[in-house]
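One letter stands for each residue in the lines below.
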Amino acid sequence: MTATAATSWAAAPVACKAAAGSHTGVPGTAKERTFIACKPDAVQRKQVGEIIKRFEAKGWKLVGLKMVHPSEAKAASHYSDLSTKPFFGGLVKFFSSGPIVAMVWEGTNCIKGGRMLMGTTNPLDSTPGSIRGDLCVQVGRNIIHGSDGPESAQAEIANWFTPEELVEYTTVDEQWVMSNN
Ligand code: RTP
Ligand code: MG
């Protein structure tokens, strides 16, 4: 390959660079970001693609993704707000039992809207059409985690991703998803 060919490929129209400024997003704007994880059961049950498909179809943008096998300490820190709950030990063991897919999604209302796409905590109550409503039946095997508010979104993104691991870019369909009349 010539140097010219390599240069023209590199100059492809989609701008892509490391995120500048706060990598945890700006809640309440189109730059809102949320932390979503496909839990170990989602990976084992091969539902990662289905989960990603639903977030993509909604119109949000994937700006960070990695597979991690969390340690028990990492799982405990992630769920530290639940440390007094009777199910905490089991939750930590489960969340650290295998690889997860950690993601950051960006777009208008992605924190609250992401929770709606997920469905309620207990899949028995989750509406059909939601991820938990369609794909699982047990509260302890509910396949997806999502930040439950602006503060937790920012804390969780910072806990799982460095600024360098997130990417800022524009998609060609953005104006068709984001603009209004
Ligand atoms: P997540 O944090 O995983 O997105 O779930 P969530 O917000 O819907 O629910 P949360 O209250 O934060 O609970 C975290 C996870 O703990 C398990 N859980 N078990 N046995 C129980 O009563 C019980 N309650 C919660 C669930 O796996 C839940 O996702
Ligand atoms: Mg939660």
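Residues numbered from 1 in each chain as written. Chains lettered and ligands numbered in written order. Predicted model: local features only at pLDDT ≥ 70, side-chain atom pairs only at ≥ 80, totals over all residues. Heavy atoms only, no water.

**Digging into the site of ligand 1**
We apply this condition: Residues are counted as near a molecule or strand when any one of their heavy atoms sits within 4 Å of it. Polar contacts, as used here, are pairs of N or O atoms within 3.5 Å; protein pairs need one atom able to donate a hydrogen and one able to accept it. Residues neighboring in sequence count only if both atoms are side-chain atoms. Every accessible area reported is derived by Shrake-Rupley at a probe size of 1.4 Å, with residue values counting cover from the shown protein chains alone. Note on conventions: DSSP H or I runs of at least 4 residues are helices, E runs of at least 2 residues are strands, and numbering of each starts at the N terminus. The residue classification treats Ala, Val, Leu, Ile, Met, Phe, Trp, Tyr, Cys and Pro as nonpolar and Asp, Glu, Lys and Arg as charged. All others, Gly included, are polar.
In the vicinity of ligand 1 lie 15 residues, with Lys-39, Tyr-79, Arg-115, Thr-121 and Val-139 positioned nearest. Here Lys-39 contributes a side-chain N or O atom positioned 2.8 Å from an oxygen atom of ligand 1. Taken by itself ligand 1 offers 560 Å² of open surface, and the protein chains cover 76% of this. Secondary-structure elements contributing two or more residues to the shell around ligand 1 are helix 6 (110–118) and strand 5 (144–146). Per-element tally for the shell around ligand 1: the top contributor is strand 5, with three residues. Along the lines of polarity and charge, the residues of the shell around ligand 1 split into seven nonpolar, five polar and three charged.

**With respect to the nonpolar core**
Selection criterion: Working definition of a nonpolar core: buried Ala, Val, Leu, Ile, Met, Phe, Trp, Tyr and Cys residues. They are joined through side-chain atoms within 4.5 Å. To sort residues, take the accessible area from a 1.4 Å probe on protein chains only and compare it with the maximum for the residue type: under 20% means buried, over 50% means exposed, and anything in between is partly exposed. Contacts were defined at the residue level, with two residues in contact if any of their heavy atoms lie within 4.5 Å.
In this structure, Ile-51, Phe-55, Met-103, Ile-143 and Ile-144 are the most contacted members of the largest nonpolar core, which totals 21 residues. Taken together, the elements giving at least two residues each to this core come down to strand 2 (33–38), helix 2 (40–44), helix 3 (48–58), strand 4 (100–106), helix 6 and helix 7 (131–135). In contact with Phe-55, other than residues within four places in its own chain, are Ile-36, Trp-60, Trp-105, Gly-114, Leu-117, Ile-131 and Ile-144. In terms of nonpolar packing, the next biggest core, distinct from the first, is built from 17 residues, Phe-35, Val-63, Ile-157 and Trp-160 among them.

**Quick word on the sheet that holds strand 4**
To be explicit about the condition: The criterion for strand pairing is that DSSP finds at least two bridges linking the strands in question. Angles here are taken between N-to-C directions and fall from 0 to 180 degrees, while the axes themselves are lines fitted to C-alpha atoms, restricted in helices to the stretch in contact.
Pairing within the open sheet is antiparallel, and its four strands lie in the order 3-4-2-5. Strand pairing shows two members of the sheet lacking a second neighbour, strand 3 (61–68) and strand 5, which therefore form its edges. Across the sheet, the mean angle from the axis of one strand to that of its neighbour is 20 degrees, orientation sign disregarded. When strand 2 meets strand 5, the two strands line up antiparallel, connected through three bridges. Following the sheet pairing, Cys-38 is matched in strand 5 by Ile-144. Lying on the sheet, helix 3 is in contact with strand 2, strand 3, strand 4 and strand 5; it crosses strand 4 at an angle near 5 degrees. Packed on one face of the sheet, helix 6 meets strand 2, strand 4 and strand 5 and runs near 30 degrees to strand 2.

**Focus on helix 8 (residues 150–160)**
The following threshold applies: Here, the arc refers to the directions that run from the helix axis to the C-beta atoms.
Three or more residues of helix 8 are buried, namely Ser-152, Ala-153, Glu-156, Ile-157 and Trp-160. Seen from one end, helix 8 has its buried residues packed into an arc of 130 degrees, which puts them on one side.

**Some points on the environment of Thr-127**
Relative to the helices and strands, Thr-127 resides in the loop between helix 6 and helix 7. Overall, the relative accessible area of 54% leaves Thr-127 in the exposed class. For Thr-127 and Leu-117, which are 10 residues apart along the polypeptide, the C-alpha to C-alpha distance reads 9.6 Å.

**Describing helix 5 (residues 88–95)**
Along helix 5, the residues that are buried comprise Phe-88, Leu-91, Val-92, Phe-94 and Phe-95. All buried residues of helix 5 project into a common sector of 165 degrees when viewed along the axis, lining one side. Its buried side turned inward, helix 5 meets strand 2, helix 2, helix 4 (72–78), strand 4 and helix 8.

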